[in-house]
Amino acid sequence: MSEHYQIVDEFTESKTAQRQLIITADDGDPSFYYHAFPILKKYKIPAILFVITDLINSQKAFWWDEFEYYLGREEGNKKAWEVKTWANSKREAFLEELRNTSSKPLLKYKQLTTAQLKEMQEAGIRIANHSHTHPMFDQCTDQELEWEIKSSIEILKDLGFTHDVFAYPNGNYSELAEERLKEFGIKQAFLFDHKIHKSSLNLLRISRLAVNDNTPMWKFKLILSGWHTKLLPITKGFAKLKNKL
């Protein structure tokens, strides 16, 4: 699995106009602990790891991996993207039907443990909130939003982790979700929009730049410069035009 990271590019008002970066990673895949954490620890680089609280200490698979498992890689990946546009209850019902009708055994995946998370926290990695089950927040009802936020906050508080710093699952937000986060005392919430945020910053819609463990250094520098964000729509437009020809 390719590990994905997000960079928050913060601009200071100092005379030297220094730029500060925050490294973040979503979901809490165990690969972060085994591959990224040793490097971050060695060079004493702080970071934020946003975890799905329902998966801690479990063998539950990420729900998007289940689609590939039951439907095959290509069809499963396509379906996983499709269901992100569905109402949350419809997505859950469809996945439950796949589990119940498949001849395959339930997919298991050893997730991060409390001990591993605490080890990372002690080394400077902030363990923060990525919801309880990772639904699309713009596809959730008010009741679902409250349950997701309340459940994740309670678990993170109980474990001694950061409950009030949040990353929207898949980056999907809505005004209703933002209001609920505010009501539950969330101080910062991060998007997944591959943008450098503007000077007028909404702390519940903080932009991030996306990189992964395969990003070459030249592209990494281009992304941090902000030009990649500007050029991406143009290159995507050319790609679509080429496909039509």
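Heads up: the structure comes first, above all this text.
Read on for an overview of the structure. Keep in mind that what you see is a predicted model, and the values were worked out from it rather than measured.

Conventions and cut-offs
- Note on numbering: residues in each chain are counted from 1, in written sequence order.
- Since the coordinates come from a predicted model, pLDDT governs what is reported: local features require at least 70, and pairs of side-chain atoms require 80 or more to be given and counted, while whole-chain, interface and lining totals use all residues.
- For side-chain calculations, the full set of non-hydrogen atoms in the structure is used, while hydrogens and water are omitted.
- By the criteria applied, helices consist of DSSP H or I runs no shorter than four residues and strands consist of E runs no shorter than two, each listed in order from the N terminus.
- In this scheme, a helix's expected span is set at 1.5 Å multiplied by one less than its residue total.
- Throughout this description, buried means an accessible area under 20% of the type-specific maximum (1.4 Å probe, protein chains only), exposed means over 50%, and partly exposed covers the range between.
- Whether two residues are in contact is decided by their heavy atoms, any of which lying within 4.5 Å being enough.
- Each residue is assigned a bend, namely the angle between axes fitted to the seven residues that terminate at it and the seven residues that start at it.
- Angles here are taken between N-to-C directions and fall from 0 to 180 degrees, while the axes themselves are lines fitted to C-alpha atoms, restricted in helices to the stretch in contact.
- Angle categories: roughly parallel below 35 degrees, roughly antiparallel above 145, roughly perpendicular from 65 to 115, and oblique for all the rest.
- Here a crossing is taken to be left-handed if its near helix is turned anticlockwise relative to the far helix by less than a right angle, and right-handed if that turn runs clockwise.
- Whether two aromatic rings pair depends on their centres lying within 6.5 Å, for rings of Phe, Tyr and Trp, where Trp uses its six-membered ring; planes under 30 degrees apart make the pair stacked, over 60 edge-to-face, and the rest tilted.
- The rule for a charge over a ring is simple: NZ of Lys or CZ of Arg within 6 Å of the ring centre, and within 35 degrees of the ring normal.
- To define a nonpolar core, start from buried Ala, Val, Leu, Ile, Met, Phe, Trp, Tyr and Cys residues and group those joined through side-chain atoms within 4.5 Å.

### Comments concerning helix 6 (residues 142-159)
Working step 1: Over its 18 residues, helix 6 extends 26 Å from the first C-alpha to the last, a length consistent with the 26 Å expected when each residue adds 1.5 Å.
Working step 2: All buried positions along helix 6 are accounted for by Glu 144, Leu 145, Glu 148, Ile 149, Ser 151, Ser 152, Ile 153, Leu 156 and Leu 159.
Working step 3: Contacts made by the buried residues of helix 6 are with strand 3 (47-51), helix 4 (88-101), helix 5 (114-122), strand 4 (125-129) and helix 7 (175-183).
Working step 4: Positive phi shows up at Gly 160, right after helix 6, with a value of about 85°.

### Description of helix 1 (residues 30-42)
Working step 1: Taking 1.5 Å as the rise per residue, helix 1 with 13 residues should run 18 Å; its terminal C-alpha atoms sit 18 Å apart, in good agreement.
Working step 2: At Ala 36, helix 1 is deflected by roughly 45°, the largest bend along its length, and proline Pro 38 occurs up to four residues later in sequence.
Working step 3: For helix 1, the set of buried residues is Pro 30, Ser 31, Phe 32, Tyr 33, Ala 36, Phe 37 and Leu 40.
Working step 4: A positive phi of about 55° marks Lys 44, the residue just after helix 1.

### Details of unusual backbone geometry
Working step 1: Of note, Lys 44 is a non-glycine position whose phi angle comes to about 55°, a positive value.
Working step 2: Following the sequence through the fold, Lys 44 ends up in the loop between helix 1 and strand 3.
Working step 3: Look at Asn 57: it is not a glycine, yet its phi comes out positive at around 65°.
Working step 4: For Asn 57, the location among the structural elements is in the loop between strand 3 and helix 2 (63-71).
Working step 5: Under the relative-accessibility criterion, Asn 57 is labelled partly exposed at 47%.

### Points about the environment of Leu 176
Working step 1: When you line up the elements, Leu 176 lands in helix 7.
Working step 2: Considering only alpha carbons, one finds Leu 176 and Phe 137, 39 residues apart in sequence, at a separation of 8.9 Å.
Working step 3: Not counting chain neighbours up to four residues away, the residues in contact with Leu 176 comprise Asp 142 and Leu 145.

### Re the packing of helix 1 against helix 5
Working step 1: Look at helix 1 against helix 5: their axes get within 11 Å of each other, and the N-to-C directions meet at 20°. Here helix 1 is positioned roughly parallel relative to helix 5, judged by the angle of their axes. Like other packed secondary-structure pairs, helix 1 and helix 5 cross with a definite hand, here left-handed. In this structure, helix 1 uses Phe 32, Tyr 33, Tyr 34 and Phe 37 to contact helix 5, whose residues at the interface are Gln 116, Glu 119 and Met 120.

### Notes on the packing of aromatic side chains
The way to describe two aromatic rings as a pair is by their centre distance and the angle between their planes.
Working step 1: Within this structure, the stated rule accounts for 13 aromatic pairs.
Working step 2: Taking the centre distance of 5.9 Å and the plane angle of 80° together, the rings of Trp 63 and Phe 67 count as edge-to-face. Of this pair, Trp 63 and Phe 67 both sit in helix 2, 4 residues apart, which is roughly one turn of that helix.
Working step 3: Owing to a relative accessible area of 0%, Phe 67 belongs among the buried residues under this scheme.
Working step 4: Taking 5.9 Å as the distance between ring centres and 10° as the angle between the ring planes, the aromatic pair formed by Phe 67 and Phe 94 counts as stacked. Remark: Phe 94 occurs in helix 4 and Phe 67 occurs in helix 2; sequence separation between them is 27 residues.
Working step 5: An aromatic cluster of three or more residues is present, and its members are Phe 62, Trp 63, Trp 64, Phe 67, Trp 86, Phe 94 and Tyr 109.
Working step 6: Lying across the ring of Phe 161, Lys 118 places its NZ or CZ 5.1 Å from the centre.

### Overview of the nonpolar core
Working step 1: Counting residues in hydrophobic clusters, the biggest one holds 18 residues, and the most contacted among them are Phe 32, Leu 49, Val 51, Leu 117, Met 120, Ile 125 and Ile 127.
Working step 2: Among the elements of the structure, helix 1, strand 3, helix 5, strand 4 and helix 6 are those that each provide at least two residues to this core.
Working step 3: If we skip the residues at most four places from it in the chain, Ile 127 touches Leu 49, Val 51, Leu 117, Met 120, Gln 121, Phe 161 and Thr 162.

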